[in-house]
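Letter by letter, the chains look like this.
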Amino acid sequence: MSVYNRLLHEKGFRLLGGILGAALMASAINLFIVPQGFYAGGAYGLCQVVRTLLVTRVGLSLPFDLAGLLYLLVNLPMFYLAYRGLGRTFFVKATIVTVCNSIFSALIPSPATPIIEDALTSCLIGGIGVGFAAGLVLSCGCSTGGLDILGLYLSKKDPKFTVGRFCICFNVCLYTLCFILFNATTAIYSAIYNILNNLFLDRLHQQNVNVELLIFTKKNDPELPRFIMDKLDRGVTYWTAHGAYTGDEVQVLCVCLSKYEVGTLQQVMQEIDPKAFFIVQEGIRTGGNYRRHLN
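None of these values were measured; they are calculated from a predicted model. (Residues numbered from 1 in each chain as written. Predicted model: local features only at pLDDT ≥ 70, side-chain atom pairs only at ≥ 80, totals over all residues. Heavy atoms only, no water.)

J.: Describe the packing of aromatic side chains, listing the residues and the values that go with them.
T.: Each aromatic ring pair is described using two quantities: the centre-to-centre distance and the angle formed by the ring planes. Evaluated as defined, the whole model comprises five aromatic pairs. Each ring, one from Phe 38 and one from Tyr 189, has its centre 5.3 Å from the other, and the planes form 15°; the classification is stacked. Here Phe 38 is found in the loop between helix H2 (11-33) and helix H3 (42-58), whereas its partner Tyr 189 is found in helix H10 (residues 184-204), with 151 residues between them in sequence. In this structure Phe 38 comes out as buried when scored by relative accessible area, which is 6%. Taking 5.1 Å as the distance between ring centres and 75° as the angle between the ring planes, the aromatic pair formed by Tyr 83 and Phe 91 counts as edge-to-face. A residue is classified by how much of its surface remains accessible, and Tyr 83, at 46% relative accessible area, is partly exposed. Given the relative accessible area of 22%, Phe 91 is considered partly exposed. (Phe/Tyr/Trp six-rings, centres within 6.5 Å; stacked < 30°, edge-to-face > 60°. Helix = DSSP H or I, 4+ residues; strand = E, 2+ residues; numbered from the N terminus. Buried < 20%, exposed > 50% of the residue type's maximum accessible area, 1.4 Å probe, protein only.)

Here it is as structure tokens:
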């Protein structure tokens, strides 16, 4: 199994993957976005605005980026929501990764002058870097806090509530504030960065794309269903069928899971029965007792 798949699917590595994603996210923001004077979206972006006001208008000077500390303080009530509404495992992982993200954001130095002079190129590279990092964090069942936790909590309370719309509305208000406090260039380029970030995140993050997998195998081995139930924490339905051409008896396994889990299952399936094959149907709708994995 590749290192990337281990980071996504093995419990011992998933927290490590979340921390790695938090480090990459803080690095991309501090190296490419902050030197240009632009602002990230969400709660961290608001903390950056408050940091700028304290530094430029109050004269506060610290040897680290105050936005990282402010972000940690903002997330204290979010940790409570995660514990109450999203489960203990998710709470522990989200807390660890968010604390690490805040520390990285505070300590990773930002260059005095932009690494890349062109503002649009900086937005592109920073957006791709943050989008990749956020996708890694979410795919590892972790969170860097902020609007992620609040949005997930509110969506569980009200089925009509959508995290996406909530984040968009918040960022519209945030960049309007940037326009009023700073200038149009800062607000526009910050919004461009945020859009690129979310577009890349949507391409990478497959955790909420549900698929139906049908596995056809002639090997009646309980190891594969056991792996699906124990390692992926998914239910399995199977039945006996017959090939129309050969008349041979085959076992058909049906499982619904997230798209990002398919790669791991495929590798295990090939190890157990190299002659087995599968059919994937993407974008299915699920309901009832189907569980979306947060951890």
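There's more to say after this.
J.: Go over the side chain of Thr 144 with me, naming the residues and quoting the values.
T.: Note on placement: Thr 144 falls in the loop between helix H7 (119-139) and helix H8 (147-157). With a relative accessible area of 8%, Thr 144 lands in the buried category. Contacts of Thr 144, omitting those with residues within four sequence positions, involve Ala 22, Met 25, Tyr 71, Asn 75, Val 97, Thr 98, Asn 101 and Val 137. (Contact = heavy atoms within 4.5 Å.)

J.: Hey, could you go over the packing of helix H4 (residues 66-74) against helix H5 (residues 76-85) for me, with residue numbers and the actual values?
T.: It is the contact of H4 with H5, at a shortest axis distance of 4 Å, that shows an interaxial angle of 40°. Taking contact as the criterion, the partners of Leu 72, Leu 73 and Val 74 in H4 are, on H5, Leu 76, Pro 77, Met 78 and Phe 79. Here the residues of the contact of H4 with H5 are counted per class, giving seven nonpolar, no polar and no charged. (Axes fitted to C-alpha atoms, helices over the stretch in contact; angles between N-to-C directions. Nonpolar A, V, L, I, M, F, W, Y, C, P; charged D, E, K, R; others polar.)

J.: Explain the nonpolar core to me, and be specific about the residues and the numbers.
T.: In this structure, Met 25, Ile 29, Tyr 44, Val 130 and Tyr 193 are the most contacted members of the largest nonpolar core, which totals 21 residues. Those elements giving two or more residues to this core turn out to be H2, H3, H4, H7 and H10. The element best represented in this core is H7, accounting for five residues. Counting 17 residues, the second-largest nonpolar core is a separate cluster that includes Leu 213, Phe 227, Leu 253 and Ala 276. (Core = buried A, V, L, I, M, F, W, Y, C linked by side-chain atoms within 4.5 Å.)

J.: Quick one: what's the story with H7, residue by residue and with numbers?
T.: At 3.6 residues per turn, the α-helix brings residues three or four places apart onto the same side. In a regular helix each residue adds 1.5 Å, so 21 residues correspond to 30 Å; H7 covers 30 Å between its end C-alpha atoms and thus fits that length. Capping the start of H7, Asp 118 holds a side-chain oxygen 3.4 Å from the backbone nitrogen of Leu 120, two or three residues further along. One or two steps after H7, the chain reaches Gly 141, where phi turns positive at roughly 75°. (Expected span 1.5 Å × (residues − 1). Polar contact = N/O pair within 3.5 Å; in protein donor to acceptor, adjacent residues only side chain to side chain.)

J.: Please provide a residue-by-residue account of a nonpolar patch on the surface, values included.
T.: A cluster of nonpolar residues, Val 58, Leu 60, Leu 62, Phe 64, Leu 69, Leu 73, Leu 76, Ile 103 and Leu 107, forms a patch on the protein surface that exposes about 800 Å² of accessible area. Those elements that provide at least two residues to the nonpolar patch are H4 and helix H6 (88-107). Checked against the element boundaries, Leu 73 lands in helix H4. (Patch = residues over 30% accessible without salt bridge, like charges linked within 9 Å, V, L, I, M, F, W, Y side chains within 5 Å. Areas by Shrake-Rupley, 256 points an atom, 1.4 Å probe, with all protein chains shown as cover. Salt bridge = Lys/Arg side-chain N within 4 Å of Asp/Glu carboxyl O.)

J.: Quick one: what's the story with the pairing of strand E3 (residues 249-258), residue by residue and with numbers?
T.: Among the 10 residues in E3, eight count as buried, and that is most of the element. Relative to E3, strand E1 (residues 210-217) is paired through eight bridges, and the arrangement is antiparallel. Following the sheet pairing, Leu 214 is matched in E3 by Cys 254. Two elements, strand E2 (residues 237-242) and E3, share six bridges in a ladder whose sense is antiparallel. Counterpart to Thr 240 in the pairing with E3 is Gln 251. Hairpin connection, E2 to E3: the antiparallel pair is bridged by six residues, and Gly 247 has positive phi, about 80°. (Pairing = 2+ DSSP bridges.)

J.: I'd love a proper account of the sheet that holds E2, names of residues and values included.
T.: Pairing within the open sheet is antiparallel, and its four strands lie in the order E2-E3-E1-E4. Edge positions in the sheet fall to E2 and strand E4 (277-282), since each has one partner strand and no second. Going from strand to strand, the sheet's axes swing by 20° on average, the running direction of each strand aside. Across six bridges, the pairing between E1 and E4 is antiparallel. Residue Ile 215 lies in a different strand from E4, and its bridge partner there is Phe 278.

J.: Any details on H3? Residues and values, ideally.
T.: When the terminal C-alpha atoms of H3 are compared, their 24 Å separation across 17 residues agrees well with the 24 Å that a helix rising 1.5 Å per residue should span. Those residues of H3 lying buried are Gly 42, Ala 43, Tyr 44, Gly 45, Cys 47, Gln 48, Val 49, Arg 51 and Thr 52.

J.: So what about the packing of H4 against H6? Which residues, and what values?
T.: At a closest axis distance of 6 Å, the pairing of H4 and H6 adopts a crossing angle of 160°. By the angle class used here, H4 and H6 are roughly antiparallel. Crossing of H4 over H6 shows left-handed handedness. Between H4 and H6, the residues in contact are Gly 68, Tyr 71 and Leu 72 and Thr 98, Val 99, Asn 101, Ser 102, Ser 105 and Ala 106, respectively. Here the contact of H4 with H6 is built from residues that sort into four nonpolar, five polar and no charged. (Parallel < 35°, antiparallel > 145°, perpendicular 65-115°, else oblique. Left-handed = near helix turned anticlockwise from the far one by under 90°.)

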